[in-house]
Amino acid sequence: MPPKKEVVEEKLGPWALGRFSSRLKVGIVGMPNVGKSTLYNTLTKCSIPAENFPFCTIEPNETRVHVPDERFDWLCDKYKPKSEVQPWLEIVDIAGLVKGAAQGAGLGNAFLSHIRAIDGIIHVLRAFDDADIIHVEDRVDPIGDIEIITNELRAKDLEAVARRKADLDKEKARMNSNPASKKEFEAEQAFLAKLKDFLEAGKEVRNGMDIWSVKEIEYLNEYQLLTAKPCMFLVNLSEDDFKRKKNKWLAKIHAWVQEHGGSPIIPYSGAFEQRLLDLGNAEEAEKCQKEEGMTTQLPKIIRTAFTMVHLIYFFTAGPDEVRARVCRRGSKAPQAAGTIHTDIERGFICAEVMAYDDLKELGTESEVKAKGKYRQEGKTYVVVDGDVIYFKFNVTAKGKWAPSELSGAVLPGAVLLSMLNVAAKGKWGATVRV
């Protein structure tokens, strides 16, 4: 009898943690008076209060911002469509955290519940000295600040683990009533013990992807722990330090971040970004950047935040509409099609794909086809950021659309018209390309 094949379990990447949605939020997090609200105002062009006292922000502020992308601009220049739909990201300004928040200090549990509602964390670290701007710890120490924040998030996660274990213990008798539920009960109890030890060792859940199994990642996505959320670090410098690209804290921050998972770090100057915003128009802002020898970091911050939460986008492009359609990294073609309409996912036949770089280099869809770089992909194809895709699908009789529903669908006009014609003829089994 031949030996059984050894089954090697797939190891999932960081993209597997978190909510599987194309509508994700990132939150601006930090100690009071480090520049969070100023950053939020410059990113969103809003005017929320940014005052020199702790907890100026209490309730979170939310705004959508467009994700800048030269590829989208090029497609719009090429097709000159009737409609342009840019990718966007929702940004949330969250109140400042203080030591002891997990036990209720400062805004305490309200603050932590606001973090629970977001999908990625933008840590703002203060690395500038200014005697006129107070710090709740009465010092400037970005390493100390981030230690406080991560310790509070970890403490809240340990509370959540203890709470989940207590809930499981209450169900012990029922779960042990049959072998299947008993096995599930024991597996989750073992994982909770493993997770507790991991957190008590001072580690963040997102940095344990090499030890979490696929089943354990499913548990983590149910728990939605705070340290499982992806993060990035923004170092708020004075204008002088930003201009000379030097600051005594930068090397220390880099070393700390590398020891704790190696997330992206972006130095910027909140004061400089605010000055650009106050100029009131793009031409003046560009002139100021040239004169000062400094460049705004806001586009880079937005793009990094977008990719941080494992989002990508593909393009649907034509004379009726150019649209960047957001999906989760790792999405397969049918899932990506579902971002247009669930019936397209259900009736998926294939995806006609060309790489953006090929389209830009060759100029037209017909040239891409002529060079053999236009391809058809099936259900297992994993969508790549920047793909230009047309989907073929079959609208079956089951769950069919009525013309009135079609008229509200977000589809290119020519496709919408052809589908209405199909509906009028009663041919709901027709293959449609979108």
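Look up: the structure comes first, before these words.
These remarks concern the structure in this document.

## Concerning helix α7 (residues 214-223)
And step 1. Every buried residue of α7 is accounted for by Glu216, Ile217, Tyr219, Leu220 and Tyr223. Down the axis of α7, the buried set is contained in an arc of 155°. They therefore lie on one face.
And step 2. Trailing α7 by a residue or two, glutamine 224 shows a phi angle of about 50°, which is positive.

## Some points on the sheet that holds strand β7 (residues 265-268)
And step 1. Taken in spatial order, the 6 strands make up an open sheet running β2-β4-β1-β5-β6-β7, and their pairing is mixed. Across the chains shown, the open sheet's two edge strands, defined by having one partner strand only, are β2 (61-66) and β7. Strand-to-strand twist in this sheet, taken as the mean axis angle between neighbours without regard to direction, amounts to 25°.
And step 2. Note that strand β1 (residues 25-29) and strand β5 (residues 120-126) share 4 bridges and pair parallel. Considered in β5, the bridge of valine 26 is made with glycine 120.
And step 3. This element, helix α12 (residues 298-308), spans β1, β2, β4 (88-93), β5, β6 (231-236) and β7 of the sheet and lies at about 160° to β6.

## What to know about helix α11 (residues 282-292)
And step 1. Three or more residues of α11 are buried, namely Ala285, Cys288 and Gln289. The buried residues of α11 occupy an angular sector of 100° when the element is viewed end-on, so they sit on one face. Set apart from the buried face of α11 by more than 90 degrees, the exposed residues are Glu283, Lys290 and Glu291.
And step 2. Looking at the buried residues of α11, the elements they touch are α10 (270-279).
And step 3. Between the side-chain oxygen at the start of α11 and the backbone nitrogen of glutamate 283 there is a gap of 3.2 Å, and the oxygen is on asparagine 281.
And step 4. Where α11 ends, the next residue or the one after it, glycine 293, has phi of about 70°, a positive value.

## A few points about the nonpolar core
And step 1. Counting 74 residues, the largest nonpolar core has Leu39, Leu89 and Ile301 as the members making the most contacts within it.
And step 2. Ranked by the residues each element gives to this core, the list is headed by α12, at 6 residues.
And step 3. Once you skip the residues sitting within four places of it in the chain, leucine 89 turns out to touch Leu24, Val26, Thr63, Arg64, Val65, Val67, Ile302, Ala305, Phe306, Val309 and Leu311.

## Examining unusual backbone geometry
And step 1. Phi angles above zero are rare outside glycine, and lysine 80 is one such case at about 45°.
And step 2. By secondary structure assignment, the location of lysine 80 is in the loop between α2 (70-79) and β3 (83-85).
And step 3. With phi around 65°, histidine 310 is a residue other than glycine that occupies positive phi space.
And step 4. With respect to the secondary-structure elements, histidine 310 resides in the loop between α12 and β8 (311-317).
And step 5. The class for histidine 310 is buried, based on a relative accessible area of 12%.

## Structural notes on the side chain of asparagine 247
And step 1. Structurally, the position occupied by asparagine 247 is in the loop between α8 (239-244) and α9 (250-259).
And step 2. In terms of polar contacts, asparagine 247 uses its side chain to reach the backbone carbonyl oxygen of alanine 127, at 2.9 Å.
And step 3. Here tryptophan 249 takes part through its backbone nitrogen, which lies 2.8 Å from a polar atom of the side chain of asparagine 247.
And step 4. Not counting residues up to four positions away in its chain, the partners in contact with asparagine 247 are Ala127, Leu237 and Asp241.

## Here we look at the pattern of salt bridges
And step 1. In total, this model carries 25 salt bridges according to the counting rule given.
And step 2. The shortest N-O distance in the salt bridge between lysine 194 and glutamate 216 comes to 3.0 Å. Separated by 22 residues along the polypeptide, lysine 194 in helix α6 (residues 179-200) and glutamate 216 in helix α7 bring together distant segments of the chain.
And step 3. Among the salt bridges present, the one from aspartate 358 reaches lysine 373, with a minimum N-O distance of 3.8 Å. Of the two residues, aspartate 358 is situated in helix α15 (residues 356-362) and lysine 373 in the loop between α16 (365-370) and β11 (375-377); the sequence distance between them amounts to 15 residues.
And step 4. The exposure class assigned to aspartate 358 is buried, which follows from its relative accessible area of 16%.
And step 5. Under the relative-accessibility criterion, lysine 373 is labelled partly exposed at 35%.

## A closer look at the environment of glutamate 216
And step 1. With relative accessibility at 13%, the residue glutamate 216 sits in the buried group.
And step 2. Along the chain, glutamate 216 and leucine 192 lie 24 residues apart, while their C-alpha atoms are 9.5 Å from each other.
And step 3. Ignoring any residue separated from it by four or fewer positions in sequence, one finds glutamate 216 in contact with Phe191, Lys194 and Ile211.
And step 4. Separated by 2.9 Å, the side chain of glutamate 216 and the backbone nitrogen of serine 213 make a polar contact.

## Overview of the packing of helix α4 (residues 142-170) against α6
And step 1. At their nearest, the axes of α4 and α6 sit 10 Å apart, and the two run at 160° to each other. Comparing their axes, α6 and α4 come out roughly antiparallel. The way α4 lies across α6 gives a crossing that is left-handed. Here α4 contributes Arg154, Asp157, Leu158, Val161, Arg164, Lys165, Leu168 and Asp169 to the contact with α6, which in turn contributes Phe185, Glu188, Gln189, Leu192, Leu195, Lys196, Leu199 and Glu200.
And step 2. Across the contact of α4 with α6, the residue classes tally to 7 nonpolar, 1 polar and 8 charged.

The rules behind each value
Residues numbered from 1 in each chain as written. Predicted model: local features only at pLDDT ≥ 70, side-chain atom pairs only at ≥ 80, totals over all residues. Heavy atoms only, no water. Buried < 20%, exposed > 50% of the residue type's maximum accessible area, 1.4 Å probe, protein only. Helix = DSSP H or I, 4+ residues; strand = E, 2+ residues; numbered from the N terminus. Arc of directions from axis to C-beta. Pairing = 2+ DSSP bridges. Axes fitted to C-alpha atoms, helices over the stretch in contact; angles between N-to-C directions. Contact = heavy atoms within 4.5 Å. Polar contact = N/O pair within 3.5 Å; in protein donor to acceptor, adjacent residues only side chain to side chain. Core = buried A, V, L, I, M, F, W, Y, C linked by side-chain atoms within 4.5 Å. Salt bridge = Lys/Arg side-chain N within 4 Å of Asp/Glu carboxyl O. Parallel < 35°, antiparallel > 145°, perpendicular 65-115°, else oblique. Left-handed = near helix turned anticlockwise from the far one by under 90°. Nonpolar A, V, L, I, M, F, W, Y, C, P; charged D, E, K, R; others polar.

This is a description of form; function is not addressed.
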